[in-house]
There are 2 protein chains.
Amino acid sequence: MKDCTIYKTMDIIGKRWTLCILLELYKGDNNEKQFNELKGMIKGITPKMLSTRLKELEEQGIIRKRVDSTALPARSFYSMTESGIDFIRIIQDIKKWALTWQFDNPKCKMSECKYCTNTVTSK
Amino acid sequence: MKDCTIYKTMDIIGKRWTLCILLELYKGDNNEKQFNELKGMIKGITPKMLSTRLKELEEQGIIRKRVDSTALPARSFYSMTESGIDFIRIIQDIKKWALTWQFDNPKCKMSECKYCTNTVTSK
DNA sequence: CAGGATCCAAAAGGATACTG
DNA sequence: CAGTATCCTTTTGGATCCTG
């Protein structure tokens, strides 16, 4: 199974919080976002998990991190890479599929993931 | 987070073995397949896990189970529902994305998931 | 043939506190 | 601000054996 592309990919993006983090990063204008900013957007996530996931995603080249050392304390800015942006369309497809076959969530139906508020409004 | 469509969907299809099982069920002609047949196709999976996943997928309406009680011992036949078949295209998109941005797997590139052998050839 | 039952190991994730 | 460190609970999954 180790060679299965699907299997390996799920090991990367099939983890808890990962898709939510990607959606939050992408949301709106795809601007850079800071650590605590993200933490505030994703209700319920602990700094440990956010840190872990961001590191994984960075290693996979799905997001990037920029550090501004001139500021004190230093600040980190996260944003999506090209491959990350390309992946958003898959997340949107998954959402469409789920809304068609699995759930009936009017709030989700009214908006694209780009502006989706359902990733952050409830715990 | 409990209301997030993406989050809920990942709880269904983001689990170990699930995507591989769907691919195996779909592979070829989308014929019905029996329990031990699937077990043989998916190297390394234990009956417990296969049973667990099949039950989950059936509850979600992604696959269906047909039991032939006239035969002894009774036999079970699994096949995909419409929503399951619709989901295959997402798996294929994930695979394409992964092959573009993440991995270089020539074996996968040569074939569609429908005939993908990489889900079963190695452990 | 199609699982269920049991036991166990490992991993994942949450809570909380702390630091440069 | 941006994380680490520590501890602990829960979940997950693997191994093995058993049964109608």
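Keep in mind that this is a model prediction, so the values were computed, not measured.

**Student:** Explain the protein's contact with DNA strand D to me, please; I cannot follow it from the model alone.
**Tutor:** Around DNA strand D, the surrounding shell holds 19 residues, and the nearest of these are Lys-55 and Tyr-78 of chain A together with Arg-16, Lys-48 and Arg-53 of chain B. Across the atoms of DNA strand D situated within 4 Å of the protein, the share located in sugar and phosphate is 63%. Between DNA strand D and the protein, one listed contact pairs a phosphate oxygen with a side-chain N or O atom of Gln-34 of chain A at 2.9 Å. At the level of secondary structure, the elements contributing two or more residues to the surface near DNA strand D comprise α3 (35-41), α4 (47-59) and β3 (75-80) of chain A together with α4 (47-59) of chain B. Within the surface near DNA strand D, the residues separate by chemical class into eight nonpolar, four polar and seven charged.

**Student:** Explanation requested: the sheet that holds strand β1 (residues 33-34) of chain A in the structure shown.
**Tutor:** The pairing of strands in a sheet happens through backbone hydrogen bonds and is either parallel or antiparallel. Residue and element names in this part refer to chain A. Pairing within the open sheet is antiparallel, and its three strands lie in the order β1-β3-β2. What marks the edges here is a single partner per strand, and that holds for β1 and β2 (63-68). As defined by bridge partners, β1 adjoins β3 across two bridges and the pair is classed as antiparallel. Paired with Lys-33 across the bridge in β3 is Tyr-78. Where α4 meets the sheet, its contacts fall on β2 and β3, and the angle it forms with β2 comes to roughly 110 degrees.

**Student:** Got a minute to help me understand the sheet that holds strand β1 (residues 33-34) of chain B in this structure?
**Tutor:** The antiparallel open sheet is built from three strands, whose spatial order is β1-β3-β2 (chain B). Among the strands making up the open sheet, the edge pair consists of β1 and β2 (63-68) of chain B.

**Student:** So what exactly am I meant to see when it comes to the packing of helix α2 (residues 18-26) of chain B against α4 of chain B here?
**Tutor:** The axes of two packed helices give the description: the angle between them and the distance between them. Residue and element names in this part refer to chain B. Put simply, α2 and α4 touch, their axes get as near as 10 Å, and they point 75 degrees apart. For the element pair α2 / α4, the angle class is roughly perpendicular. Residues Thr-18, Ile-21 and Leu-22 of α2 form the contact with α4, whose own contacting residues are Leu-50, Arg-53, Leu-54 and Leu-57. When its residues are assigned to classes, the contact of α2 with α4 shows five nonpolar, one polar and one charged.

**Student:** Honestly, the packing of aromatic side chains in this entry has me stumped. Any pointers?
**Tutor:** When we look at a pair of aromatic rings, we describe it by the centre distance and by the angle of the planes. Under the counting rule described, the total for this entry stands at two aromatic pairs over all chains. Directly above the aromatic system of Phe-103 of chain B lies the positively charged group of Lys-8 of chain A, at a separation of 4.1 Å from the ring centroid.

**Student:** Which parts of the structure should I look at to understand the protein's contact with DNA strand C?
**Tutor:** Residues in close proximity to DNA strand C total 18 residues, the closest being Lys-48 and Arg-53 of chain A together with Gln-34, Ser-51 and Tyr-78 of chain B. In DNA strand C, atoms within 4 Å of the protein come 67% from sugar and phosphate. One of the side-chain N or O atoms of Lys-48 of chain A is found 2.2 Å from a base oxygen in DNA strand C. The backbone of Asn-36 of chain B places a nitrogen or oxygen atom 3.2 Å from a phosphate oxygen of DNA strand C. Of all the secondary structure elements, the ones that give two or more residues to the surface near DNA strand C are α4 of chain A together with α3 (35-41), α4 and β3 (75-80) of chain B. Broken down by element, the surface near DNA strand C gets its largest block of residues, four residues, from α4 of chain B. Residue classes in the surface near DNA strand C are distributed as seven nonpolar, four polar and seven charged.

**Student:** For this particular structure, what's the right way to read the layout of surface pockets?
**Tutor:** Sizing a probe to match a water molecule and rolling it over the atoms shows the empty space that remains. Roughly 170 Å³ of volume is contained in the largest pocket. Going through the elements one at a time, α2 (18-26) of chain A together with α1 (5-13) of chain B are the ones with two or more residues in the lining of the largest pocket. Class assignment for the residues of the lining of the largest pocket results in five nonpolar, three polar and four charged.

**Student:** Got a minute to help me understand the environment of Leu-23 of chain A in this structure?
**Tutor:** For Leu-23 of chain A, the location among the structural elements is in helix α2. Separated by 68 residues in sequence, Leu-23 of chain A and Ile-91 of chain A have C-alpha atoms that sit 8.3 Å apart.

**Student:** I keep staring at the pattern of salt bridges and nothing clicks. Help me out?
**Tutor:** Pairing between side chains becomes possible if they bear opposite charge and their charged atoms approach one another. Tallying each qualifying case throughout the model produces 10 salt bridges over all chains. A salt bridge links Glu-24 of chain B to Lys-27 of chain B, with the shortest nitrogen-to-oxygen separation between them at 3.2 Å. Ionic pairing is found between Arg-89 of chain B and Asp-86 of chain B, a salt bridge with its closest N-O pair at 3.1 Å. Here the residue Arg-89 of chain B and the residue Asp-86 of chain B both occupy positions in helix α5 (residues 82-101), the gap between them amounting to three residues, near one helical turn. In this structure Asp-86 of chain B comes out as partly exposed when scored by relative accessible area, which is 23%. Bridged by salt links that share partners, the residues Lys-15, Arg-53 and Glu-56 of chain A form one connected network.

**Student:** Would you mind going over the side chain of Gln-102 of chain A with me for this structure?
**Tutor:** By secondary structure assignment, the location of Gln-102 of chain A is in the loop between α5 (82-101) and α6 (106-109). The exposure class assigned to Gln-102 of chain A is buried, which follows from its relative accessible area of 18%. Of note is the side chain of Gln-102 of chain A, whose polar atom sits 3.1 Å from the backbone oxygen of Gln-60 of chain B.

Cut-offs used in this document
- Residues numbered from 1 in each chain as written.
- Chains lettered and ligands numbered in written order.
- Predicted model: local features only at pLDDT ≥ 70, side-chain atom pairs only at ≥ 80, totals over all residues.
- Heavy atoms only, no water.
- Near = heavy atom within 4 Å.
- Polar contact = N/O pair within 3.5 Å; in protein donor to acceptor, adjacent residues only side chain to side chain.
- Helix = DSSP H or I, 4+ residues; strand = E, 2+ residues; numbered from the N terminus.
- Nonpolar A, V, L, I, M, F, W, Y, C, P; charged D, E, K, R; others polar.
- Pairing = 2+ DSSP bridges.
- Contact = heavy atoms within 4.5 Å.
- Axes fitted to C-alpha atoms, helices over the stretch in contact; angles between N-to-C directions.
- Parallel < 35°, antiparallel > 145°, perpendicular 65-115°, else oblique.
- Phe/Tyr/Trp six-rings, centres within 6.5 Å; stacked < 30°, edge-to-face > 60°.
- Lys NZ or Arg CZ within 6 Å of the ring centre and 35° of its normal.
- 1 Å grid on protein atoms, 1.4 Å probe; cavity = no way out; pocket = protein on both sides within 12 Å on 5 of 7 lines; lining within 4 Å.
- Points joined across faces, edges and corners; volume = space filled by probe spheres on them.
- Salt bridge = Lys/Arg side-chain N within 4 Å of Asp/Glu carboxyl O.
- Buried < 20%, exposed > 50% of the residue type's maximum accessible area, 1.4 Å probe, protein only.

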